[in-house]
12 protein chains.
Amino acid sequence: MAKSRKKVLVLHGPNLNLLGQREPSVYGRTTLEEINKKIMDEGGRLGIEIKACQSNSEGELIEMIHQAMGEFQAIVINPGGYTHTSVALRDAILASGIPTVEVHLSNIYNREAFRQHSMIAPVSIGQIAGFGPNSYLLGLRAAVDHLNQL
Amino acid sequence: MAKSRKKVLVLHGPNLNLLGQREPSVYGRTTLEEINKKIMDEGGRLGIEIKACQSNSEGELIEMIHQAMGEFQAIVINPGGYTHTSVALRDAILASGIPTVEVHLSNIYNREAFRQHSMIAPVSIGQIAGFGPNSYLLGLRAAVDHLNQL
Amino acid sequence: MAKSRKKVLVLHGPNLNLLGQREPSVYGRTTLEEINKKIMDEGGRLGIEIKACQSNSEGELIEMIHQAMGEFQAIVINPGGYTHTSVALRDAILASGIPTVEVHLSNIYNREAFRQHSMIAPVSIGQIAGFGPNSYLLGLRAAVDHLNQL
Amino acid sequence: MAKSRKKVLVLHGPNLNLLGQREPSVYGRTTLEEINKKIMDEGGRLGIEIKACQSNSEGELIEMIHQAMGEFQAIVINPGGYTHTSVALRDAILASGIPTVEVHLSNIYNREAFRQHSMIAPVSIGQIAGFGPNSYLLGLRAAVDHLNQL
Amino acid sequence: MAKSRKKVLVLHGPNLNLLGQREPSVYGRTTLEEINKKIMDEGGRLGIEIKACQSNSEGELIEMIHQAMGEFQAIVINPGGYTHTSVALRDAILASGIPTVEVHLSNIYNREAFRQHSMIAPVSIGQIAGFGPNSYLLGLRAAVDHLNQL
Amino acid sequence: MAKSRKKVLVLHGPNLNLLGQREPSVYGRTTLEEINKKIMDEGGRLGIEIKACQSNSEGELIEMIHQAMGEFQAIVINPGGYTHTSVALRDAILASGIPTVEVHLSNIYNREAFRQHSMIAPVSIGQIAGFGPNSYLLGLRAAVDHLNQL
Amino acid sequence: MAKSRKKVLVLHGPNLNLLGQREPSVYGRTTLEEINKKIMDEGGRLGIEIKACQSNSEGELIEMIHQAMGEFQAIVINPGGYTHTSVALRDAILASGIPTVEVHLSNIYNREAFRQHSMIAPVSIGQIAGFGPNSYLLGLRAAVDHLNQL
Amino acid sequence: MAKSRKKVLVLHGPNLNLLGQREPSVYGRTTLEEINKKIMDEGGRLGIEIKACQSNSEGELIEMIHQAMGEFQAIVINPGGYTHTSVALRDAILASGIPTVEVHLSNIYNREAFRQHSMIAPVSIGQIAGFGPNSYLLGLRAAVDHLNQL
Amino acid sequence: MAKSRKKVLVLHGPNLNLLGQREPSVYGRTTLEEINKKIMDEGGRLGIEIKACQSNSEGELIEMIHQAMGEFQAIVINPGGYTHTSVALRDAILASGIPTVEVHLSNIYNREAFRQHSMIAPVSIGQIAGFGPNSYLLGLRAAVDHLNQL
Amino acid sequence: MAKSRKKVLVLHGPNLNLLGQREPSVYGRTTLEEINKKIMDEGGRLGIEIKACQSNSEGELIEMIHQAMGEFQAIVINPGGYTHTSVALRDAILASGIPTVEVHLSNIYNREAFRQHSMIAPVSIGQIAGFGPNSYLLGLRAAVDHLNQL
Amino acid sequence: MAKSRKKVLVLHGPNLNLLGQREPSVYGRTTLEEINKKIMDEGGRLGIEIKACQSNSEGELIEMIHQAMGEFQAIVINPGGYTHTSVALRDAILASGIPTVEVHLSNIYNREAFRQHSMIAPVSIGQIAGFGPNSYLLGLRAAVDHLNQL
Amino acid sequence: MAKSRKKVLVLHGPNLNLLGQREPSVYGRTTLEEINKKIMDEGGRLGIEIKACQSNSEGELIEMIHQAMGEFQAIVINPGGYTHTSVALRDAILASGIPTVEVHLSNIYNREAFRQHSMIAPVSIGQIAGFGPNSYLLGLRAAVDHLNQL
């Protein structure tokens, strides 16, 4: 009997819906739609099922994580501006118990000082930052490898 | 003619809907439903009317506080992860003018450094932390005693 | 053919819906409705079209800014309690590319230490603080003058 | 055969002997004697035996804690000015192994910066601050509930 | 009998005599003379009398403020480099009791860290920063509106 | 009927009993006995009654202050090593309500960093530091002048 | 042959010319002229010659100290707002080699944080703060006693 | 004519030669030899040539980077303990101009505070941390993708 | 005529009377009595006379040091919780002029941050920490070697 | 036709007029006159024209820099005590656009902490500190070499 | 059958080869050769085998520790200037799993601030500082006692 | 008999071997070889013998300084990236007792914050920074002048 495919939730945080328009010198010219397309393709190559969502609301992101419990085996999250301040998002990840990979398009470590600290990193498996849209694909791969090791 | 019973609003902040599932070594195994049951029972003993709400959204919590004006005489709030960062929630309590008691399930003072500072405490009557679900019951009692002294 | 009038979006952040009731010694006794009336009048004098919105939700404010793209030429924002903490709101202003003026009713520099730092100021054209409802009118004027210089 | 009643030690730290006289705008007008009366009454209601002591000396408070070992099942302590500086008092509580509840008359979180950090809180079960003499009664109740859960 | 016109003192701090030559990418190309012309014109529109002075000396600026007592009803000051360090200038404003508006040509909040703190702001009615020469005109208007409300 | 003479309590904190022996390059060669003699003489000149005590115990100093209530009109205190750390001593002075002058033999502001902050100064009328035994005599005079102005 | 009388220079820093008018709740109602009268009288009692000057300019104060070399045996200075920031004034005192007493009208240690650090104290014999105009008289006395001990 | 294959240098910093033996709860049980085997295999899959070196010496690592200039198109480095302190290593990467990916076996953001800051991250394309030996493989992939985009 | 034996005072600070009972995972299971027995034995081996005292009171420890003057040639002190805060104890050691060795049972440098700073170390000959009861014996040896070198 | 000689302005800041008298252990025994003689001689050797000025006033130094515009090609400045605090002086150098070399007689990096930061260094070509009067001569040479490279 | 003797590695860090010549007021006049002689003698008395090495290179010290694995039962290390900065050395000790005692000739706690923090102490059994060459002998003894307790 | 010529050691720290290639916008286009040529020429003009070495290894630089003892009368060092972190290099200079001049090509005070602090400056005669290769020549001259003054 066939084992069901693993499911990974990809969460895009605030302002990522503007990708491609927003400060292209920092975030590149690829749109969120194009990134989601790449993510789906990579999901296909990795043999997993993927759902991708975006929200500008901290509360909504928290609820998406809650609802992922029991349905998704891993989360890949780009928490955007909430990365640096949100204890509540951190608590949601911890509370959900779902293995989570934190990704960033830009290298947050050569930007403003307030972007160089992540509230999310300590509760993630690991962090991938600086590779543009590729950060998501590497993050997916990292999540799947992590699940395969369990 | 009978004096109408006092009404207290109990607010549960982000992630508290997961209680019982979330990090039981920190937060215990009691669910939010069970805590609300205890709160209602204590309200009965204290002769007050209680409404209990939970929200994962900072904005929603702010609006619940606004709407409490004129209806509730006191608030007992566990601001969860917003405790440490939310100026807006603090301003809502201050703006409402409703006497507020801050409660926490865990002893936030023996946890991570970022949890040891509360934005809410300076605008509350007082703070009760570390007694598990009992923190709420003590908080209710403190709120009622405060109202009786006015 | 007539050139269409400029449009400016005025955004009121959290708790500003309570103006007039909330800590009148700090924020004065004018209500938000009265302020919006003054704003509309000033808009008339300046020959611009104005839309004014209030929200207690960080996510909603972010989306209002996103939706302003292409429709409004400038934003005047009083970010309230989100001024001091919101990286996401800052990113939204930056991402929108819309010239923004930050205003505050009170002089945030003679209040609590945590109110003396603005996450929004570095991505605004400029900041006006301390003049009560007049801060909005000065902000509108500053925005219009800025647009006229482009 | 009857189970012996639980015993709780209530410790009042430095300057609390002056209660009622000392800065009444901060600490209220109730004297220490009156507080001890309330404490004894509450002890009666809770069915426990209580001993209440006051000392202005850090060393004496430490020794009172040492001597409580084997005799008292819980401590309720208002460490007064030693709250913020005393490593030795903290070590005494830890060394005694007796479950301890920290209480404060005033809300230490809206006072001077140096009063907003407690050396004692991390080694206590929990902390109750801001409810005037009622802080002690809530503390007693919290201690008894804690003992009942063991 | 006609009521005498209000008088406002406009003070330009150190290095502002070089405006137009000095770092035009930061401060623009308008000279101090041109700004004073705009200020006088605005004064005419607002129906007030204006005197504008510049000094590179902290001591002289202090004395100009002292001498304004009894003659001027308000001050609009751009304290230049003394903004960030001068306790003596702050004390002069406080001592004079004259309502004062602080203005800056550039947005001091997106410049070097040491420019992001003002010693003057806490003793001013409010602060206007970032609108180039227009900061002075907005400042004048804010000062006059303030006087009209008294 | 003769008005009774004013009484001033002079308190010497820890290690001051060793004066004359202890680090003479810092504290000079005068003994505590000799200083007390000078103090008594100055008391005679000023027409006041003086009691001088020394203690190495924080608790004892606190109790001396408590017992001074109702008997002494002013305190001159050299809190020695407790100057820099004792919240309890600060609270005792505040609680007693007795006008207090803080004195130091050495100039604490050109010594180690930890000696450059006093917990006592903010609750004293004023501070006199650096004049050797003369600091006490100046302190007495300051206390008496203060009482005469009431 | 008669020994010439000692000469002491009394220096009043910025804004002290406004004494009596300036924030009387902080600085009292005595004018600088009245204080200088008291100082001269005290000088008479102490058998010394006194010259008293005021300047709002840091540079002028520095030059007054330079010119005092060879003529005055001691300085009593109230550096006003320059207390907290002026390295140059500190260097002038050090360079002059003249024994200097720092005085303050108000208790700078219970005021704003930035007033609680003195650049001048480490190069003075000692500091006297908080006794109103009496601080000058105590400072004169401290200076004379210091000279008598040399 | 065939285009030559890309070459990537993999650098292992101090103590990584002990992998498998060293704190296996933090770093896992895989040896450096096994990791290098995985790296070579991944290189094969990606069609690139790889050289892997380890050194415990800061100076040697710097020289390996210098010598890579002109020969390698990218570097994947795990700087180990030098991550947090080495300005010289940072300068070497910057000076070489070779695109560099920083990798870590463990999630440095949930370890000691001193491990949560990287001197290397700001001069890298990006950083991958927390995925055990897989961090290297993801890093290789990120480097190759980066080269393909140039 | 025989030269009299050297005398060393061993001082145990607060809570050390509970050794063996107190947090055995940190402080071990040896009681203070057993440690004193080892100390006496080592004293015998080293040919010195030893007196060992314990006190929970800062003031008493200060007086024990004062009284040691003229009788003891060296002190070995474990200042317990006073290590980190007591300026008064530091002053006592300095004032006594007696060579002092600071010892700690536990390695204070891998414990809480507040335990990693000693007020006593800068006025001691040296510090020995982390070797359990053996810290005292090494301290005695260090003290005796120090005396032999004088 | 002969090319006119380059002109360099040498500015001496506060207290440097006292050189030779002032703390000779720190600043040496050479007077300012003697240093100016050396500077003129070096100017002769370097074939440049030199003007040397001293002022104790921040405002005057600023104006000297303003007046140098158009006349001097470089400035060599020893800003004395203004080095560490003067934003206005820094702005004057920046505004003038004249290449400036900062010099110090003493090695400011092994003196008090507050002398180890220069507000002037970031707007200078470079800094030379610690070589006594020779710092000026090296500074002149550095300025001339800089001009020759333009 | 004879049990093989224990082996202890003594490591001297950078600049210790200059002992006796280097700053004798701080480090004394004993040469490294003389210290090694004392160490060997003490090893004889303690019945252990000792190897002593010195290196100025961080990398070499790390490798000496690696090579000690399996051969030495304990390390006594004076990490010299690497004490305060070397994460890599700390990791080497941790990775080796060999019990390590940290020793210092001078009392690092009464020297410059940057010498008062050790990266090595938290991974050592304990630390001995301030006893000159005797620190090594006490360290050897502490190491042997530690091994005997295992 | 002829007095032997003075010898000065010029040390180039890490990455300086890449000069001319490395970040030319910061460090210029001159190679190390060309700088050494200029240094040798200047040595000829100054009548001194020069040896110039470069190393990327902290340990090697330390040993070069050790070996300079007895052979070189002065050192001119550009410590590169080790400037900001190396206690061991600082100790080597101090231990050698050789007068040392610290030089930097770039103005380290207008670069990243971590480059604005030098561990080496406090143990050097003085520091010269910001003049490109000319910094070395000025440094040589400063060293020779220093030697001539001894």
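Provided above is the structure to which this section pertains.
Residues numbered from 1 in each chain as written. Chains lettered and ligands numbered in written order. Predicted model: local features only at pLDDT ≥ 70, side-chain atom pairs only at ≥ 80, totals over all residues. Heavy atoms only, no water.

A separate point is the relation of the copies chain G and chain F. Relative to chain F, chain G is turned by 180 degrees and slid 0.0 Å along the rotation axis, the superposed coordinates differing by an RMSD of 0.0 Å. Expressed as a symmetry operation, the mapping of one chain copy onto the other fits a two-fold axis. Judged by C-alpha distance, I128(G) is the residue of chain G that lies nearest the rotation axis, at 2.2 Å. Mapped onto chain F, 100% of the interface residues of chain G are again interface residues, and the two copies thus contact each other with one and the same surface. (Least-squares fit on C-alpha atoms with pLDDT ≥ 70 in both. Contact = heavy atoms within 4.5 Å.)

Below, the discussion takes up the side chain of T100(L). All names here are of chain L. You can see T100 is positioned in strand β4 (residues 100–104). Residue classification places T100 among the buried positions, given a relative accessible area of 1%. Polar contacts involving the side chain of T100 include one to the main-chain carbonyl oxygen of I98, which spans 2.9 Å. Here T100 is in contact with I75, I77, I93, S124, I125 and G126, once residues within four sequence places are set aside. (Helix = DSSP H or I, 4+ residues; strand = E, 2+ residues; numbered from the N terminus. Buried < 20%, exposed > 50% of the residue type's maximum accessible area, 1.4 Å probe, protein only. Polar contact = N/O pair within 3.5 Å; in protein donor to acceptor, adjacent residues only side chain to side chain.)

It is worth spelling out the interface of chain C and chain A at this point. Bring the parts together and some accessible area is lost; that lost area is often taken as the interface size. Facing 16 residues of chain C, the contacting portion of chain A comprises 17 residues. With both chains or domains summed, chain C and chain A bury close to 1300 Å², and 57% of this area falls on carbon and sulfur atoms. At the boundary of chain C and chain A, one finds two salt bridges. The partner of R90(C) in a salt bridge is E112(A), and the shortest N-O contact between them spans 3.8 Å. Between chain C and chain A we count five residue pairs in polar contact (both at pLDDT 80 or more) in total. At the level of secondary structure, the elements contributing two or more residues to the side of chain C that touches chain A comprise α3 (58–68) and α4 (87–96) of chain C. With eight residues, the single largest contributor to the side of chain C that touches chain A is α4(C). (Buried area = accessible area lost by both parts, 1.4 Å probe. Salt bridge = Lys/Arg side-chain N within 4 Å of Asp/Glu carboxyl O.)

Another point: α4(C). Residues and elements named next belong to chain C. Across the 10 residues that make up α4, a large majority, nine, are buried. Restricting attention to buried positions, one finds in α4 the residues V87, A88, L89, R90, D91, A92, I93, A95 and S96. On its buried side, α4 packs onto α3, β3 (74–78) and β4 (100–104). Count one or two residues on from α4 and you reach G97, which has phi positive near 70 degrees.

Taken together, the contact between chain G and chain F spans 19 residues of the former and 19 residues of the latter. Both sides of the chain G and chain F interface together cover about 1800 Å² of buried area, and 54% of this is carbon and sulfur. Viewed at the interface, chain F and chain G are joined by zero salt bridges. Breaking the side of chain G that touches chain F down by element, the ones donating at least two residues are β5 (126–129) and α5 (134–149) of chain G. Ranked by residues supplied to the side of chain G that touches chain F, first place goes to α5(G) with five residues. Class assignment of the residues belonging to the side of chain G that touches chain F gives a composition of 10 nonpolar, seven polar and two charged. In this sheet, β5(G) lies alongside strand β5 (residues 126–129) of chain F in antiparallel orientation, the contact comprising three bridges. Bridge pairing in β5(G) links I128(F) to I128(G). (Nonpolar A, V, L, I, M, F, W, Y, C, P; charged D, E, K, R; others polar. Pairing = 2+ DSSP bridges.)

A few words now on the side chain of N78(E). Residue and element names in this part refer to chain E. Within the secondary structure, N78 is located in strand β3 (residues 74–78). A polar contact is formed between the side chain of N78 and the side chain of Y136, at a distance of 3.2 Å. Setting aside its immediate chain neighbours within four residues, N78 contacts L11, H12, G13, L16, V103, H104, L105 and Y136.

Side chains of E60(A), E63(A), E60(B), E63(B), E60(C) and E63(C) sit close together on the surface and give a patch of like negative charge. Assignment of secondary structure puts E63(A) in helix α3 (residues 58–68). (Patch = residues over 30% accessible without salt bridge, like charges linked within 9 Å, V, L, I, M, F, W, Y side chains within 5 Å. Areas by Shrake-Rupley, 256 points an atom, 1.4 Å probe, with all protein chains shown as cover. Lys, Arg positive; Asp, Glu negative; His and termini not counted. Charge placed at Lys NZ, Arg CZ, Asp CG, Glu CD.)

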